[in-house]
Structures are given as structure tokens and as C-alpha cells.
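As a plain string of letters, each chain reads:
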Amino acid sequence: MQAFVQQFIFGIQLGSLYALIALGYTLVYGVLRLINFAHGDVFMVGAVICYYACTRWLPFRNLDAHPEAAATNIALALLVLLIAMAVCALLGVLIERFAYRPLRNGLRVADAHFWGLVAALPLTLSLGIRSGAPSVAAWLVIGIGLGYALRPVASWLARRTVRATSRLNALITAIGVSFVLEYGGLIIFGADPNFVPNVVPEAVYTLPGGIRVGTAQCAILAISLLLMGILRWIVLYTRRGRAMRAIAHDIEAAKLMGVDTDSVISFTFALGGALAGAGGALVAALTHVKITPLFGLLPGIKAFVAAVLGGPGSVAGAALGGILMGLAEAFVAGSRFSAFRDAIAFCILIVLLLVRPTGLLGQPVTEKV
Amino acid sequence: MRFSARCAAVSLACAAMLCSVGCKDRGAGPSGTAREIIIGEYASLTGTTATFGTSTHRGVQLAIDAANASGGVNGARLRLLTEDDASKPDVARTVVTKLVTQDRAVAVLGEVASTRSLAAAPVCNQYQVPMITPSSTNPEVTKKGEYIFRVCFTDDFQAAVVAHFAFDQGYRRVALFKDIKNDYSMAFAANFASEFKRIGGTVVGEQVFQEGDTDFKAQLTDLKAASPDAVLVPGYYSEVGTIARQARDVGLAVPLVGGDGWDSPSLLPGAGGPGAALEGCFFSNHFFSTEISEKPTQDFIKSFKARYGVNPDALAALGYDAARLLVDALKRCGKVDGPALRDAIAATKDFPGVTGKITLDKNRNARKAALILQIKGDRFHVFRSYTPEQIGQ
């Protein structure tokens, strides 16, 4: 019984993190019918931002040497959370603006310049590795040059009347963006694992019955629930949320009714990005795992499964799916079958999808011809 | 018609490229006499075990530079070509193929992680290029073929040492926590279990994790329920710190015990810093420590520190030994080609390394003693040592 309750607590904590990431998948899927595979890597960026904020950017003080700094450190940690959320929201918007929107509306000249700069980054860095120091000036020069080289391509593509509307194109692009983030991260942050030091005081309490609960776990759970609550409020009770739901229902009709679909889609990506960034920062600062640029891969896949489990497009479903995934993982990992942990989680998914093809809370959609 | 002409042109170009790769002659310089001997090295300079590769590479570089400073090998200069495998087995295989086919390396040094050595060893064996691994301890590595050597002990031995040590410490009930994706970790745990049971201990629990996991608490809680005297965690430093932390979080307060995969300056940051979750824990390591007072060892430490500004770890020392052993064999072998060099390496006897005397046995493995180190503050202290004879091997 004690082991059961204990694993239940771990499962809920793990699940609340999966739920945070899964919400980003489900929001984007609901609005665009797009599986944003780069989402797990936005989570990674949140963790990396947290690492830099905790070790370099903000004046955290060592708790062992200065126990009185606890209060200021906690305040700073909340600031870190906000920074990670803001950066990841911005990243989500950028990904949507420069990777997915050109597929919907055609490639513009600004897109050509953006991708020129992105492509110039590894080029400049590798030149720098050979010849000494990589410089920002060299990057800008190469990037703008590449941008100008890409402009004729962009304007040629923009003139074409037939636009790529296939979902497959967007999906492949999503995988591409994921690789850009992962391997771009390897170039910029390096591949060495990093750890966030203790920035907030942590304690573990033993409840009656020998059940141990840590303050870190409680903080993860509380912050996740709070953020999910805020998201629910935005989606259900604000004008933007209503626009999101309208687009999810029928994007063409929403356009005809005067909804600025592009800006609402950007807003959706910002929301998803902020949640993933919060998740990344929470994991990095409170569970102290190693952070590497490929660190978003596994949680990203699991959260994606959670989103499918709950029913893609359903906000409550994503939260429920995340919690279920976390619980399944904790119980299997704590049993003798820990080697099959991920396999069992996927088996649950397969069985469930056989019974309920739209996921736990997904709405059946009739395809109109 | 146009299409087929293009096809023909492409296949001609491919054939020409293949030929230019295949026709190269190994080891010999342009004039036929070896003015420069190319030694290949592959190492994890980046990636999950970056400190392993960096340390080893420093040791290798130091040895090669020292050899060149004292006149090279029979008049020829040594050139070290180092490739980064980013801590990935598939990349290791690719870069080693490049080293032996394109760069015409006469011998290859590497890797630390057994998974990567196992991926690259068949390539070296196929092209008859001797490969010396400084510190891959999985027994399978040198079984890949006649051309694969190692200058360290094997996991059979290391795991047996840890089993004896655990028993001597009075631990009778030990739980295992191993990385299912890691050859080294799985073999270590299996060998430990068989030896520990043979000498009278009990393995009370077994759980697995995977490199890249973020949460180990579920498995650790299960292990805690078995109330072990100690937990064996034969993993790499990048996970061990986090595991130790989370073990303390779930109330598993017994000592953790590990192997040479722990040996890294990055071990403690993951555990919450010196004096935190890993304080007082033990791990087995190669016979090298800055606390060993013998002269060759101290000389090596001095020159390493003079060049890099830090103390060498065991992996640096093994890299240094592997490269020096190779230079020694190059001096002894008459002509520099794969088979002759292989025979020269295989004939190594009582080579005075900084990690102990090295004699390669008929299975191309070195027979050496092991140390048990204890973590205290930010230092790894020599706790005791075991020779092969002491544990009846």
C-alpha cells in the first residue's frame, strides 16, 4: 500500500509535466491539424534557458554559504520561470512564422532572409572553429548574403499559384525544425551535460505511513496545475480563446467571419511554447537531471503519446492523458518490468485507440466530402 | 537516351571515387619510405561522455608529442589525427572507417565507452589496422578480432573486484540498478551478480534505467523496499549524480557503488556538488591516482599538469599508456604495416606504464590491478586495491 501511494505520487508529478508539454501538442493540433514535432525541443530550450539563467544571468546565491538568501532565490527562480516561458513563447511564434506559415501562405522575402541567417549560423561557427573566434559580424554578413541569394527562390515560389497545402509537407517541416533545434543546440550549447545547481531550498517530508513527499514535487505539481488552469481560462473565457476555438472548428469559416487567423495561430504557438518552456524550466531546476540539446526527445515523444491518448485537440484530454502516462510509467518502472516501461505505455495507447479511436476525450469528426 | 547518358556519367564518377579510395596504400608516404606515421584516434570529445574523450585525448596527445620530441620513431615523425565521435556508436564507426581508409592510419587508438569500441572494432579488424582501446572494459571488445587490444582490465575482473570489495565491507544484500541501453553497464551488473553470489552475498533487487531518463524515483523506491546494504550503479557519470540525488530524495540512504564509468570531474555537479548525495560512496577504478607515489606516475602527473593545468584522471593515464605502448611497438616492428605492427603489439611484455606494468595476454587483454576509490568532498581517495591474485583470478 505504501509503495502504491508513493508511486502514485511520483506518477502524478511526472504526469503533470507530460501534461504541460502535451497541451502544446494538442493546442496546435486543434487549430492547424498539425503535429508540431519541434515541440519537445522547445521544452529542451526552456530547460537550457533555465540553466543559463540559474548559473550565469541572474545573481543567485549559494544556499549552503548564504542560507538567508532563500527568499530572494525563490523570487529569482520565479523570474527564471517567467523568462523561460517568454523565450519559449517567442520561439514558438518564430517557428510558426518562419517554418509553418510559408507552407500555408507562400514563402515571402522575409522568410528567405530568416532562413539565410539560420543556415549561416553553423557555417560561421564551423569557420570560427577552424580559424579562431566565430564573430557575430561574420554571421550577419554570411546570413544576409545567403538571404539575398535565396530571394529569387522565394519570389519565384511566391508567384506560383498552386501552394503546398498538404499536411504531409507541414509534418516533414516540423521534423526538420526539430532537427534544427536539436543540432543547432549542439552547436551553440555544446553536447556536454549540464546540471542546474540547488537554487531553491528543497526538503523532503515523511508523512504518516512512511510516504515521502518533496517540496520540489509539490512545486512542480502546483505550478503545472496553475498554468493549466490559466490556459483553460484563456481558451474558454477570452476573445482570443474563442477565436482559437472558432479556427479549430472551421478555419475557412472563421476567416470569413473576420477572425485574423494568422495572428490567432501565432498566439496558439506562443501559448504552447510558454507551457513547454515552463515544463523545461521546472524539470531543469527541480529534478536536477542532466540537460543536453537532445534532452527534449524522450519527454516530447511521451507527451505526444499523452496528447493522442487524451484525444488530440482536446485540452482536458491532454492533461488527463499526461497524468495517465505519468502514472503508467511510474507503476511499470517501480515493478519488476521496468525494462518494458515505455513499451507498456505504448501498449496501453494501442489498446485504448482500438476501443476509442478519437482518444479519451476527443470528439469524433466526420470528414465531409 | 539523355537520361541513360547522365546515368553512365554518374556511375563512372562513382567508380573513379571508389577506386581512388581503394587504391591508396597504407602507412607508406609518397616516396615509399615512411617519413610520417599517421596514428588515428577516435574519442568522445563532445556528447554525453565528453569528459571521457577529452581526458583520454589529452593523455594520448601528451604521449605522442613526447615521442616526437625525442626523435619520433626510427626517424619518422608521428602525426595524430583525432576524430570526434560525439559519444555515438554509429558516428564512431564512420570516423574510424574514415581514419583507416582515407587517412591511412597505421593504428587506431580509442574508445573509452565499450559500446563505441564494439562498433568500431570490426572496421579495424577488417582492414587489418591494429586498434588499442585505452579503457573499454567490456570483454567482448577484444574478442572482435586479432587486431583489437586493450591496456586496461576487463569488466569480468572489475566487477569481481567490486563484488569482493562489497563483501569485504560487510555488505551482504546488494541491489543492482543498471542502464539497459549500455553494454558496459549490463555486463558489469551480470558479472558482479555471479561473483557476489558465488562468494556468499545476495542480490536483493534489480532495476533498469535508460540513458536520457529524467526520473529514476519509481525504480529507486522499488529498490529501497528490498532494504539493501548497498546499491550497485554501474553507469556513467552523467546519470549517476542524478540517480544518487533522487535516491536520497526517496529515502534510500545506503552507499552507492560503481565502476570506472564514474571517474569524471563532472560526477559531483550532478549529485548536487561535493559533500552531497555521493559523499562516502565507492567506485572501482584503474590503477591510477594522484595519490600513488611511484616515480613514473608522479612524472606523468607533473608533465600533464604543466601542460593542461589540471590533474590527470585515470582515463588520461590510460590514454597516455595506450599511446606509449603503441609507440613502443612501432619502434620494435620492422616495417610499418598492419600485420607486423599487430605482432609487435601482441608481443608487449612488462611494459612500464603509469597505470602499472602491462603485459598483453593471448586474448590481447592487459592483466592489471584495480583500485577502490572513496568519494570525500571533492576528491576521490584511494580506499584499497585488489590484484588479480587477491580475488583468485
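Residues numbered from 1 in each chain as written. Chains lettered and ligands numbered in written order. Predicted model: local features only at pLDDT ≥ 70, side-chain atom pairs only at ≥ 80, totals over all residues.

## A few points about the overall build of chain A
Here is step 1 of the chain: Helix and strand counts for chain A come out as 13 helices and two strands.
Here is step 2 of the chain: Taken over the C-alpha trace, chain A has a radius of gyration of 22 Å; the compact-globule value for 369 residues is 21 Å, and the two agree within 12%.
Here is step 3 of the chain: Taken along the three principal axes of its C-alpha coordinates, chain A extends 70 × 60 × 40 Å. (Helix = DSSP H or I, 4+ residues; strand = E, 2+ residues; numbered from the N terminus. Rg over C-alpha atoms; globule rule 2.2 N^0.38 Å.)

## A short note on helix α10 (residues 261-287) of chain A
Residues and elements named next belong to chain A.
Here is step 1 of the chain: Across its 27 residues, α10 extends 38 Å between first and last C-alpha, which sits within 8% of the 39 Å expected from 1.5 Å per residue.
Here is step 2 of the chain: Buried residues dominate α10, accounting for 23 of its 27 residues.
Here is step 3 of the chain: Directly beyond the C-terminal end of α10, a positive phi value near 60° is found at H288. (Expected span 1.5 Å × (residues − 1). Buried ≥ 20, exposed ≤ 12 C-beta atoms within 10 Å, placed from the backbone.)

## A look at the pairing of strand β10 (residues 282-286) of chain B
Remark: a regular strand shows side chains that alternate across the two faces of the sheet.
Residues and elements named next belong to chain B.
Here is step 1 of the chain: Burial analysis of β10 places five of its five residues in the buried class, the great majority of the element.
Here is step 2 of the chain: Two strands pair when backbone bridges link them, and strand β9 (residues 256-258) and β10 are joined in this way by two bridges, in the parallel orientation. When the sheet's bridge partners are listed, G258 is paired in β10 with F283. (Pairing = 2+ DSSP bridges.)

## Some thoughts on the interface of chain A and chain B
Here is step 1 of the chain: Tallying the contact residues gives 28 residues for chain A and 29 residues for chain B.
Here is step 2 of the chain: Elements supplying a minimum of two residues to the side of chain A that touches chain B: α1 (2-32), β2 (211-214), α10, α11 (297-310) and α12 (315-333) of chain A.
Here is step 3 of the chain: No other element matches α1 of chain A, which puts five residues into the side of chain A that touches chain B.
Here is step 4 of the chain: A class-by-class count of the residues in the side of chain A that touches chain B yields 15 nonpolar, ten polar and three charged. (Contact = placed C-beta atoms within 7 Å. Nonpolar A, V, L, I, M, F, W, Y, C, P; charged D, E, K, R; others polar.)

## Structural notes on the domain arrangement of chain A
One widely used convention gives an interface's size as the accessible area the parts lose upon coming together.
Residues and elements named next belong to chain A.
Here is step 1 of the chain: In terms of domain boundaries, chain A breaks down into domain 1 (2-101 + 167-355) and domain 2 (107-162).
Here is step 2 of the chain: Each of domain 1 and domain 2 has a C-alpha centre, and these two points are 31 Å apart.
Here is step 3 of the chain: Counting residues at the interface gives four residues for domain 1, matched by seven residues for domain 2.
Here is step 4 of the chain: It is helix α6 (residues 167-189) that contributes the most residues to the side of domain 1 that touches domain 2, three residues altogether.
Here is step 5 of the chain: Tallied by class, residues from the side of domain 1 that touches domain 2 come to three nonpolar, one polar and no charged. (Domains from an automatic or database assignment.)

## Describing the packing of α1 of chain A against α12 of chain A
Residue and element names in this part refer to chain A.
Here is step 1 of the chain: Running from amino to carboxyl end, α1 crosses α12 at an angle of 140°, the nearest separation of the two axes being 6 Å. Every pair of crossing elements has a handedness; the one defined by α1 and α12 is right-handed.
Here is step 2 of the chain: Across the contact of α1 with α12, the residue classes tally to 18 nonpolar, nine polar and one charged. (Axes fitted to C-alpha atoms, helices over the stretch in contact; angles between N-to-C directions. Left-handed = near helix turned anticlockwise from the far one by under 90°.)

## Digging into the domain arrangement of chain B
Residues and elements named next belong to chain B.
Here is step 1 of the chain: As far as domains go, chain B holds domain 1 (28-153 + 294-368) and domain 2 (156-289 + 371-386).
Here is step 2 of the chain: Measuring from the centre of the C-alpha atoms in domain 1 to the corresponding centre in domain 2 gives 28 Å.
Here is step 3 of the chain: Contact with domain 1, which involves 23 residues of that partner, is made by 19 residues of domain 2.
Here is step 4 of the chain: Elements that contribute at least two residues to the side of domain 1 that touches domain 2 include exactly α2 (50-69), α4 (114-126) and α11 (314-332).
Here is step 5 of the chain: Ranked by residue count, the leading element in the side of domain 1 that touches domain 2 is α11, at four residues.
Here is step 6 of the chain: Looking at the side of domain 1 that touches domain 2, its residues break down into eleven nonpolar, ten polar and two charged.

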